[in-house]
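Structural description and commentary
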Amino acid sequence: KNVVIIILESFGKEYSFPKPGTAQSYTPFLQELAKKSLFYNNAYSNGTRSVDAIPAILEGVPKLTKTDFMYSNYIRNHTPGFPNYLMDKGYSCLFFHGGKNGTLGFEAFLKSHGWQYFGKDQYAGKEADFDGQWGIFDGPYLQSVANKLNTVKSPFVASVFTLSSHHPYTLPALYRDSFKTVKQPIHKTIRYTDNCLRQFFETVKNEQWYKETIFVITADHSSENFSKYYQTDFGRFEVPLMVFEPGNILASENNEVIQHIDIIPLVLQKLGYSDTIFTMGTYFGKPEEKAAFQNLDGMFQLIQPKLTIKFDGQKVVSGYDLISEKPSSDAVSALPSLRFLQFKIHDYYYRLVNNKFY
């Protein structure tokens, strides 16, 4: 099967699939699609920026250092990404982003790891489709991606990264008077991109490759957070994550903790991949063992089903009981979590320095 991974700029859980009573959703199309998908209720990003999301989602490398992996001395390390596993199985790996070529270093990083890169320079549309700052508006760009995928030989892995919901939240002239009941600028662009996704799926649904494709939809990170829950250090890492298979529609929900670096093993399992793989994540662990982890400007965070802790490298500085929804100071119950996090940090740094992400 083919794989299409749609990474939505700044589509935090708060704006798309918020917990009841916390916020409002601005994604009616994604809400519809989720009812026909495998939806993960407890999905987390591994970072707070786009440069954290690309290595995590596409190459399986989380951010556990203060410096972004893409800007570090280890950028050319071997990474356990989609090209590593699937190119010798006959897959082509394509990355689409309507941004200016060279934006945030995506092009150089992805090309060096086996991806074909398509940016603004490869867009054949009108100059009027340029948003004036970042790149091509999501509407016309997603349509161009749909047209390109119609010409790509299967099997392929294609990742599409949207951009219109990035600050300064510019809308095309045709949409500037739309969404009048929506107050926040970011929410207006979320609604716009959600509508563009609807149009994208309408365009591709009758194509031959469509029913032989696994669609994975997530966000790179959250952005502005307006509700109290999503302003917490764990809530602001929540992102939507769903798997839609038009040739095998099975609506279900999964409540286990999952993170961006678990997307590669998730997809490989869906594809029936049978060789050995490497993952820093916990996708294959027992439900109670599954976790997400991040580096918050030098402070490590671990999110587990019942508990989240923050660790400064010397001691646990805070804990939060996700069941009672109250701060936790129970050092005994936090000890297994601390040991697990310490192991992950040690393992990550050892593999990073010694180029052993395999």
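Our subject is the structure listed above.
These remarks concern the structure in this document. (Residues numbered from 1 in each chain as written. Predicted model: local features only at pLDDT ≥ 70, side-chain atom pairs only at ≥ 80, totals over all residues. Heavy atoms only, no water.)

**A look at the overall build of the protein chain**
Check the secondary structure of the protein chain and you find nine helices and 13 strands. Expected size for 358 residues packed as a compact globule is a radius of gyration near 21 Å; at 20 Å, the protein chain falls within 12% of this value. Principal-axis analysis of the C-alpha atoms gives the protein chain an extent of 60 × 50 × 40 Å. For the protein chain, with 358 residues in total, the buried portion stands at 55%. Approximately 15,500 Å² of the protein chain is accessible, and the part contributed by carbon and sulfur atoms is 49%. Positive and negative side-chain charges in the protein chain, numbering 37 and 35 respectively, have mean positions lying 1 Å apart. (Helix = DSSP H or I, 4+ residues; strand = E, 2+ residues; numbered from the N terminus. Rg over C-alpha atoms; globule rule 2.2 N^0.38 Å. Buried < 20%, exposed > 50% of the residue type's maximum accessible area, 1.4 Å probe, protein only. Areas by Shrake-Rupley, 256 points an atom, 1.4 Å probe, with all protein chains shown as cover. Lys, Arg positive; Asp, Glu negative; His and termini not counted. Charge placed at Lys NZ, Arg CZ, Asp CG, Glu CD.)

**Comments concerning the side chain of Thr79**
With respect to the helices and strands, the residue Thr79 is situated in the loop between helix H3 (50-59) and helix H4 (82-86). Polar side-chain contacts of Thr79 include one of 2.5 Å to the side chain of Glu59. If we skip the residues at most four places from it in the chain, Thr79 touches Glu59, Val61, Phe69, Asn84 and His113. (Polar contact = N/O pair within 3.5 Å; in protein donor to acceptor, adjacent residues only side chain to side chain. Contact = heavy atoms within 4.5 Å.)

**Examining the packing of aromatic side chains**
Enumeration over the complete set of coordinates arrives at 27 aromatic pairs. Ring centres of Phe95 and Phe106 lie 6.3 Å apart, and the angle between their planes is 75 degrees; on these two criteria the pair is classed as edge-to-face. Pair noted here: Phe95 is in strand E3 (residues 92-97) and Phe106 is in helix H5 (residues 106-112), with a separation of eleven residues, a long-range link. For the residue pair Phe95 and Phe106, the accessibility class agrees, reading buried in each case. Aromatic side chains Phe201 and Phe215 sit 5.0 Å apart centroid to centroid with 55 degrees between the ring planes, which places their arrangement in the tilted category. On the criterion of sequence distance, the pair formed by Phe201 in helix H7 (residues 185-204) and Phe215 in strand E6 (residues 213-219) is long-range, its members being 14 residues apart. Across the pair, Phe215 and Phe201 agree in class, each one buried. Feature note: the residues Phe29, Phe156, Phe200, Phe201, Trp209, Tyr210, Phe215 and Phe244 constitute an aromatic cluster, connected by ring pairs. One residue, Lys120, lies across the ring of Phe130, its end atom 4.8 Å from the ring centre. (Phe/Tyr/Trp six-rings, centres within 6.5 Å; stacked < 30°, edge-to-face > 60°. Lys NZ or Arg CZ within 6 Å of the ring centre and 35° of its normal.)

**Quick look at helix H8 (residues 263-271)**
Turning to H8, its buried residues number three or more, namely Ile263, Ile264, Pro265, Leu266, Val267 and Leu268. At the exit of H8 stands Gly272, carrying a positive phi of roughly 80 degrees.

**Points about the environment of Asn2**
Counting through the fold element by element, Asn2 comes out in strand E1 (residues 2-8). With relative accessibility at 2%, the residue Asn2 sits in the buried group. Separated by 89 residues in the primary sequence, Asn2 and Tyr91 place their C-alpha atoms 8.4 Å from one another. Side-chain polar atoms of Asn2 contact the backbone nitrogen of Phe156, separated by 3.1 Å.

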